[in-house]
Amino acid sequence: MTSSQSRKIALVTGGNRGLGKDMALSLARMGMDVVLTFKSNAAEGEAVADEIRALGGRAAALRLDLSDIGALDGFVDRVKATLRDTFDGAQRLDFLVNNAGIGRAIPLDSLTEADFDAFAGVHFKGVLFLTQKTLRLMNDGGGVVFITAAADRYNVPGYGLYAACKGAIEVFSRYVAKEYGPRGIRSNTVAPGGVATDFNGGFIRDNANVQAMVVAQTPMGRLAEPHDIGGLVALLCSDDARWLTGQRLEATGGFNI
Ligand SMILES: NC(=O)c1ccc[n+]([C@@H]2O[C@H](COP(=O)([O-])OP(=O)(O)OC[C@H]3O[C@@H](n4cnc5c(N)ncnc54)[C@H](OP(=O)(O)O)[C@@H]3O)[C@@H](O)[C@H]2O)c1
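Rules of the game
Residues numbered from 1 in each chain as written. Predicted model: local features only at pLDDT ≥ 70, side-chain atom pairs only at ≥ 80, totals over all residues. Heavy atoms only, no water. Near = heavy atom within 4 Å. Polar contact = N/O pair within 3.5 Å; in protein donor to acceptor, adjacent residues only side chain to side chain. Areas by Shrake-Rupley, 256 points an atom, 1.4 Å probe, with all protein chains shown as cover. Nonpolar A, V, L, I, M, F, W, Y, C, P; charged D, E, K, R; others polar. Axes fitted to C-alpha atoms, helices over the stretch in contact; angles between N-to-C directions. Helix = DSSP H or I, 4+ residues; strand = E, 2+ residues; numbered from the N terminus. Parallel < 35°, antiparallel > 145°, perpendicular 65-115°, else oblique. Left-handed = near helix turned anticlockwise from the far one by under 90°. Contact = heavy atoms within 4.5 Å. Expected span 1.5 Å × (residues − 1). Buried < 20%, exposed > 50% of the residue type's maximum accessible area, 1.4 Å probe, protein only. Salt bridge = Lys/Arg side-chain N within 4 Å of Asp/Glu carboxyl O. Core = buried A, V, L, I, M, F, W, Y, C linked by side-chain atoms within 4.5 Å. Pairing = 2+ DSSP bridges.

Surrounding the ligand, one finds 31 residues, the nearest of these being Asn16, Arg17, Ser40, Tyr162 and Thr197. One nitrogen or oxygen atom from the side chain of Lys166 is found 2.9 Å from an oxygen atom belonging to the ligand. Relative to its unbound accessible surface of 920 Å², the ligand loses 95% to contact with the protein. Taken together, the residues of the shell around the ligand sort by class into 14 nonpolar, 12 polar and 5 charged.

Here it is as structure tokens:
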């Protein structure tokens, strides 16, 4: 860490809305500065950055499209320039939260190669190479959190491609833990169950029957809220989680245990 970088800095993908917004704000409330990304909703990204600044933190919102692998180097260059210009000359990051994602139910029989490329591009290839490039900017003692999905354990018809990509990332996370542990860098996955966000066209948010089914199988007896996930991500990025690496944390209130 450079002398101008006394506060820790986290990069949160998809931080403009949904689960990522709560993660960005939870990290800021813990005293961290945040670079968050959006894909198309720039105004939402700037609004979250404003909320972080109001909490006393430094923040920036940058555009990132994980499906455009060729643009990742340019994105990392913009992160470096943002750290230099907006974060008092900082040169390195401390945490990466791989949250951004897409969702859609596709029965296996109707899966196309285009579907495969779209999901694997965002959820596997994009996450893998963003992580590789971001680790080059990471301070020793930092960490990576991958947001996967509990559907990579319990199996929901129509989500085979999505869940397989999340499962691939769960394996990748353990390799990050193995290769970067000697630098004190930790890597863990958080696997949420259903949360009522815009995700998958608002399938859970807009469907009372699905919500009732989820609650009925959740020992904690309610639907998840974004902070149930964001608070856990903040904990994983804190010193209290310093001995936790290579792990998968299923955050579902006990759904289907
Ligand atoms: N909600 C759930 O029930 C649930 C359950 C299990 C796991 N998850 C996982 O949790 C994560 C966040 O989900 P969410 O519920 O917050 O989803 P959401 O509300 O739909 O938000 C998705 C976020 O990802 C960004 N994004 C979409 N496509 C992108 C791309 N190609 N490149 C970069 N960013 C992109 C969006 O940016 P724009 O707004 O600019 O488009 C947005 O910030 C995802 O990885 C998802 O798989 C969600």
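Relative to each other, helix H1 (residues 18-29) and helix H8 (residues 226-236) sit at 45 degrees, their axes nearing to 8 Å. It follows that H1 is oblique to H8 by the angle criterion. The way H1 lies across H8 gives a crossing that is right-handed. Here Gly18, Leu19, Asp22, Met23, Ser26, Leu27 and Arg29 of H1 come into contact with H8, specifically with Pro226, His227, Ile229, Gly230, Gly231, Val233 and Ala234.

Moving on, we get to H1. Between its terminal C-alpha atoms H1 stretches 17 Å, which fits the 16 Å expected from 12 residues at 1.5 Å a residue. Counting buried residues along H1, 9 of its 12 residues qualify, which places the element largely inside the surrounding structure. Looking only at H1, the buried set comprises Leu19, Gly20, Asp22, Met23, Ala24, Leu25, Ser26, Leu27 and Ala28. At the exit of H1 stands Gly31, carrying a positive phi of roughly 100 degrees.

Next up on the list: the pattern of salt bridges. Here the structure, examined in full by the defined rule, presents 20 salt bridges. Among the salt bridges present, the one from Arg53 reaches Glu46, with a minimum N-O distance of 3.2 Å. Residue Arg53 is classed as partly exposed on the basis of its relative accessible area of 36%. Here Arg248 and Asp152 are joined by a salt bridge, their closest N and O atoms 2.7 Å apart. Of this pair, Arg248 sits in strand E7 (residues 248-251) while Asp152 is found in the loop between strand E5 (138-147) and helix H5 (160-180), placing the two residues 96 residues apart along the sequence.

A few words now on the environment of Gly202. With respect to the secondary-structure elements, Gly202 resides in helix H6 (residues 199-202). A residue is classified by how much of its surface remains accessible, and Gly202, at 0% relative accessible area, is buried. C-alpha separation for the pair Gly202 and Tyr159, spaced 43 residues apart in sequence, amounts to 15 Å.

A few words on the nonpolar core. With 31 residues, the main nonpolar core has Met23, Leu27, Val34, Ile52, Val97, Val145 and Val190 as its most contacted residues. Within the residue set of this core, elements represented by two or more residues are strand E1 (9-12), H1, strand E2 (33-38), helix H2 (42-54), strand E3 (59-63), strand E4 (93-98), E5 and H8. If one sorts the elements of this core by residue count, H1 sits on top with 6 residues. With sequence-adjacent residues up to four places away left out, Val145 is seen in contact with Leu96, Val97, Asn98, Asn188, Val190, Val233, Leu236 and Cys237. The next biggest cluster of nonpolar side chains, apart from the first, holds 28 residues, and it includes Ala60, Leu72, Val127 and Phe146.

The strand order across the open sheet built from 7 strands is E3-E2-E1-E4-E5-E6-E7, with neighbouring strands paired in parallel fashion. Sheet topology places E3 and E7 at the edges, where each strand pairs with a single neighbour. The average angle at which neighbouring strand axes cross in this sheet is 20 degrees, direction not considered. Inspection of the sheet shows E1 paired to E4 by 3 bridges, in the parallel sense. Residue pairing in the sheet places Val12 in a bridge with Val97 of E4. The strands touched by helix H3 (residues 72-86) within the sheet are E1, E2, E3 and E4, with E3 carrying the most contacts at an inclination of about 160 degrees. Relative to E4, helix H4 (residues 113-135) is tilted by about 175 degrees, and along the sheet it contacts E1, E4 and E5.

One non-glycine residue with positive phi stands out, namely Asp88, at about 55 degrees. When you line up the elements, Asp88 lands in the loop between H3 and E4. Overall, Asp88 belongs to the exposed group, its relative accessible area being 51%. Not every positive phi belongs to a glycine, and Asn256 is a case in point at roughly 60 degrees. Here Asn256 shows up in the segment after E7.

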